[in-house]
Amino acid sequence: MEGYSSLSKRFKKEYKIYIVAFLILLIADSIGSFAIPLGPGMVYIFPIFYGIIIGLILGPDLIGFFKKEEVKAASPLVLVAIAPFIVKLGILGGGNIPKLLEVGPALLLQELGNIATVFIALPLALFLGLKREAVGAAHSIDRETNLALISNLYGPSSPEMRGTLSVYIIGGLIGTIYMGFLATLVASTGLFHPYALGMASGVGSGIMMASATASLAHMYPSFAEEILMLGGASDMLTGLTGIYAALFIALPLANKLYSVLEPKIGRGRKSKTDMSSNEEREIG
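Cut-offs used in this document
Residues numbered from 1 in each chain as written. Predicted model: local features only at pLDDT ≥ 70, side-chain atom pairs only at ≥ 80, totals over all residues. Heavy atoms only, no water. Phe/Tyr/Trp six-rings, centres within 6.5 Å; stacked < 30°, edge-to-face > 60°. Buried < 20%, exposed > 50% of the residue type's maximum accessible area, 1.4 Å probe, protein only. Lys NZ or Arg CZ within 6 Å of the ring centre and 35° of its normal. Helix = DSSP H or I, 4+ residues; strand = E, 2+ residues; numbered from the N terminus. Contact = heavy atoms within 4.5 Å. Salt bridge = Lys/Arg side-chain N within 4 Å of Asp/Glu carboxyl O. Axes fitted to C-alpha atoms, helices over the stretch in contact; angles between N-to-C directions. Parallel < 35°, antiparallel > 145°, perpendicular 65-115°, else oblique. Left-handed = near helix turned anticlockwise from the far one by under 90°. Nonpolar A, V, L, I, M, F, W, Y, C, P; charged D, E, K, R; others polar. Polar contact = N/O pair within 3.5 Å; in protein donor to acceptor, adjacent residues only side chain to side chain.

Student: I'm lost on the packing of aromatic side chains in this one. Help?
Tutor: For any two aromatic rings, the description comes down to two numbers: the centre-to-centre distance and the angle of the planes. Throughout the structure, instances matching the rule amount to two aromatic pairs. Their ring planes at 85 degrees and their centres at 5.1 Å tell us that phenylalanine 65 and phenylalanine 66 sit as a pair that is edge-to-face. For phenylalanine 65, a relative accessible area of 36% gives the class partly exposed. Judged by relative accessible area, which is 12%, phenylalanine 66 ranks as buried. Taking the ring centre of phenylalanine 65 as reference, the NZ or CZ of lysine 16 above it sits at 4.7 Å. In this arrangement the basic side chain of arginine 132 is found over the ring face of tyrosine 258, its NZ or CZ atom lying 5.0 Å from the centre.

Take a look at the structure:
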């Protein structure tokens, strides 16, 4: 393990991270979930929301309970924490292949819609000042499988990984609220069948899917079971196909767009990562 001669020495150095993370888990889980009616929609708030907020408050930019060194040490641990979920995703996919085939081609084709968002997200990220972080942030919805993919391709401390991890955190914080509200807002138009809305809820994030399908089940109680089943199947398939779509289509596309657009949109701009690297070189 880099920087440590043994696991026990690492634990002695980072024990505060593990203890506080466990306490945050207990606090967030004890608060539970809430559903808040908002106009024609429904906003669902899940425990991960509280966990992220508490972690932000304890960070070096607010009350400073955790120092920057501890934040840097905790970043690679995200992959360790989500590894069981990634394994579970693969097991569920293998065990439910016959059910997925029965649903039809719509679930397989929906990933193409996710790829199209690269054309919107990456130019916007460059315009806001991101550099290589834009590739990681804009190539997909950036959930667990994408964290593993980007870490394997670019490394856990790369700018691409920082972009992916940032969207992962923001998605957990805002995405659950957004998806629950968006699902009920679209459903209120009456343009789509509940089955279609259920399938559309599976964007590759379990918590976002849960928020959307719970909102839809509340609106369509007679279709609740089918919505939850289709949402779960869609989310599982998106997670499985999404990693291949990202590897062979979205990432090459994002890298190509970056090489074309960065000299035009990003010229003269410096990301925080670039500035931090320059400061470290000056200090060194």
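Student: Explanation requested: the environment of proline 156 in the structure shown.
Tutor: Along the polypeptide, proline 156 turns up in the loop between helix 10 (144-154) and helix 11 (159-187). Taking the C-alpha atoms as reference points, proline 156 and leucine 77, 79 residues apart in sequence, are found 9.8 Å from one another. Apart from residues no more than four positions distant in its own chain, proline 156 is found in contact with Ser151 and Met161.

Student: Would you mind showing me how to read the pattern of salt bridges here?
Tutor: Side-chain pairs of opposite charge can arise where the charged atoms are in close proximity. A full pass over the atoms with the stated rule returns two salt bridges. A salt bridge links glutamate 262 to lysine 131; the shortest N-O distance between them is 2.9 Å. Residue glutamate 262 is located in helix 14 (residues 224-265), and its partner lysine 131 is located in the loop between helix 8 (118-127) and helix 9 (133-138); the two are separated by 131 residues in the primary sequence. Judged by relative accessible area, which is 17%, glutamate 262 ranks as buried. When the shortest N-O distance is used, the salt bridge between glutamate 160 and arginine 132 registers 2.7 Å. Taken together, the residues span a long stretch of sequence, with glutamate 160 in helix 11 and arginine 132 in the loop between helix 8 and helix 9 at a distance of 28 residues. Exposure remark for glutamate 160: the relative accessible area of 6% places this residue in the buried category.

Student: So what exactly am I meant to see when it comes to the environment of asparagine 114 here?
Tutor: For asparagine 114, the location among the structural elements is in helix 7 (residues 111-115). Judged by its relative accessible area of 27%, asparagine 114 falls in the partly exposed class. C-alpha of asparagine 114 to C-alpha of serine 140: the two residues are 26 residues apart in sequence and 6.9 Å apart in space. Excluding residues within four positions of it along the chain, asparagine 114 makes contact with Val203 and Thr238.

Student: Which parts of the structure should I look at to understand the packing of helix 1 (residues 7-31) against helix 2 (residues 47-58)?
Tutor: When two helices pack together, you describe them by how their axes are tilted relative to each other and by the distance separating the axes. Close contact between helix 1 and helix 2 brings their axes to 8 Å; oriented N to C, the two are set at 140 degrees. For the element pair helix 1 / helix 2, the angle class is oblique. Relative to helix 2, the crossing made by helix 1 is right-handed. Contact residues: Val20, Ile24, Ile27, Ala28, Asp29 and Ile31 in helix 1; Pro47, Tyr50, Gly51, Ile54, Gly55 and Leu58 in helix 2. Grouping the constituent residues of the contact of helix 1 with helix 2 by class yields nine nonpolar, two polar and one charged.

Student: Before we go on, may I ask you to explain the environment of lysine 16 in this structure?
Tutor: The topology assignment puts lysine 16 in helix 1. For the pair lysine 16 and phenylalanine 65, spaced 49 residues apart in sequence, the C-alpha separation works out to 9.9 Å. For lysine 16, the residues in contact, after removing those within four places along its chain, are Phe65, Phe66 and Glu70. Looking at lysine 16, its side chain comes within polar contact range of the main-chain oxygen of phenylalanine 65, at 3.2 Å.

Student: I'm lost on the packing of helix 13 (residues 206-219) against helix 14 in this one. Help?
Tutor: The N-to-C vectors of helix 13 and helix 14 enclose an angle of 160 degrees; their axes lie 9 Å apart at closest approach. Comparing the axis directions of helix 13 and helix 14 gives the class roughly antiparallel. Where helix 13 crosses over helix 14, the two elements pack in a sense that is right-handed. Across the interface between the two elements, Gly206, Met209, Thr213, Leu216 and Ala217 of helix 13 pack against Ala224, Ile227, Leu228, Gly231, Gly232 and Asp235 of helix 14. Its residues assigned to classes, the contact of helix 13 with helix 14 shows six nonpolar, four polar and one charged.

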